Each structure stands twice: as C-alpha cells, then as structure tokens.
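# Residue-level structural notes
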Amino acid sequence: WGPPPTPLKKDGIGAGEAPDVVFWERTARDIAALATEPKVVVERSTVPVRTAQIMAAILKPPCAKVRHEVLSNPSFFATGSAMVDLASPDVTLIGCRQKPEGRAAAKLLASVFTQWIPAHKIKTSDLWSAELSKLTAN
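Computed from a predicted model, the values in this text were never measured in an experiment.

Next up on the list: unusual backbone geometry. Of note, the amide linkage connecting Pro61 to Pro62 takes the cis form, showing an omega dihedral of 10°. Note that Pro62 resides in the loop between α2 (51-58) and β2 (69-72). Notably, Arg50 is not glycine yet its phi reads approximately 85°, a positive angle. Within the secondary structure, Arg50 is located in the loop between β1 (40-43) and α2.

Counting residues in hydrophobic clusters, the biggest one holds 16 residues, and the most contacted among them are Val41, Met55, Leu59 and Val70. Those elements that provide at least two residues to this core are α1 (22-34) and α2. The contact partners of Leu59, leaving out residues within four places of it in the chain, are Ala28, Ile31, Ala32, Val41, Ala64, Val66, Arg67, His68 and Val70. By size, the runner-up hydrophobic cluster in this structure holds 10 residues, among which are Ile94, Cys96, Ala106 and Ile122.

The next subject is α1. The end-to-end C-alpha distance of α1, which contains 13 residues, comes to 18 Å, matching closely the 18 Å that a straight helix rising 1.5 Å per residue would cover. Regarding α1, the residues found buried are Trp24, Thr27, Ala28, Ile31 and Ala32. End-on, the buried residues of α1 take up no more than an arc of 135°, which puts them together on one face. In the core, the buried residues of α1 are packed alongside β1 and α2.

With that settled, the discussion passes to the side chain of Thr51. Along the polypeptide, Thr51 turns up in helix α2. Leaving out residues up to four positions away in the same chain, Thr51 has contacts with Val21, Trp24, Glu43 and Glu131.

Further remarks concern the confidence of the model for the chain. Residues with a pLDDT of 70 or more make up 88% of the chain, whose mean pLDDT is 86. Here helix α3 (residues 82-87) is the element of the chain with the lowest mean pLDDT, 80, and helix α4 (residues 100-113) is the one with the highest, 97.

Rules and cut-offs
- Residues numbered from 1 in each chain as written.
- Predicted model: local features only at pLDDT ≥ 70, side-chain atom pairs only at ≥ 80, totals over all residues.
- Heavy atoms only, no water.
- Helix = DSSP H or I, 4+ residues; strand = E, 2+ residues; numbered from the N terminus.
- Core = buried A, V, L, I, M, F, W, Y, C linked by side-chain atoms within 4.5 Å.
- Buried < 20%, exposed > 50% of the residue type's maximum accessible area, 1.4 Å probe, protein only.
- Contact = heavy atoms within 4.5 Å.
- Expected span 1.5 Å × (residues − 1).
- Arc of directions from axis to C-beta.
- pLDDT = per-residue confidence, 0-100.

In structure tokens:
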C-alpha cells in the first residue's frame, strides 16, 4: 500500500486550512477488516500529529480482529535527492507506542533499515514526537 492523500478539509472548522485524515482512517479500516494476523503499519508521509493515534484506535479490537502496531517513520528527504537521502540518511526516525509490543515493532522495522543504514543513525521515539519532528523539519 502507498500512502493515502492528506487533502485539506473542504468544510467545517478548519475548511481550506486543516488537513483531512479521512483517507488515513479509511486505510486503517480496510486493514482492520482484512488482516487476520497482527501487522505492523508504518506511516511514512507528512501527516497531522496524532494520525498514528487515530489509526491505532481503529487497528485494535473491537474494530479489528487482532491488534496491529502503528509506527511513524517520517522521511527527511530534500527535494531532488530522495533516492540519495534514502540510501544514506543523516538519521532515520521510528516512532512507536511506548509499550513492549510497540518497541518490538520498531525493532523489527529498524532491522530492515540496518541492511543499509548504520544502527547509530536509527533513532526511536514515541509516535507523537516522530510525527511532530517531520512537521518542524518542513
């Protein structure tokens, strides 16, 4: 799955200014409806802070058959150099739920990245901090 879009709200409070996370919610509901085994769901897009919390609420019972872990893995790629930045990033950040299951999911994702990124460049944080760091970096 690729990241869903995050358009601006069309009506209501924040219309034309605030992001609309309806597509992120729909993606979480699709995963919850279809997945029968626990999954690690990674948001890699620039999203409003607390999007992972919204998705995590959907990706656990009773909405889902099993609990899934949601990670935030913001990318800090400069325009025009995404492939170079992906291959050799200054830092890779993984935000996770601060529980054993969340940390285990973060460790799993880190094991993927350590195939080409030195472990000392992979940092973990809570979900909110990871999402916020992307917004402050933009």
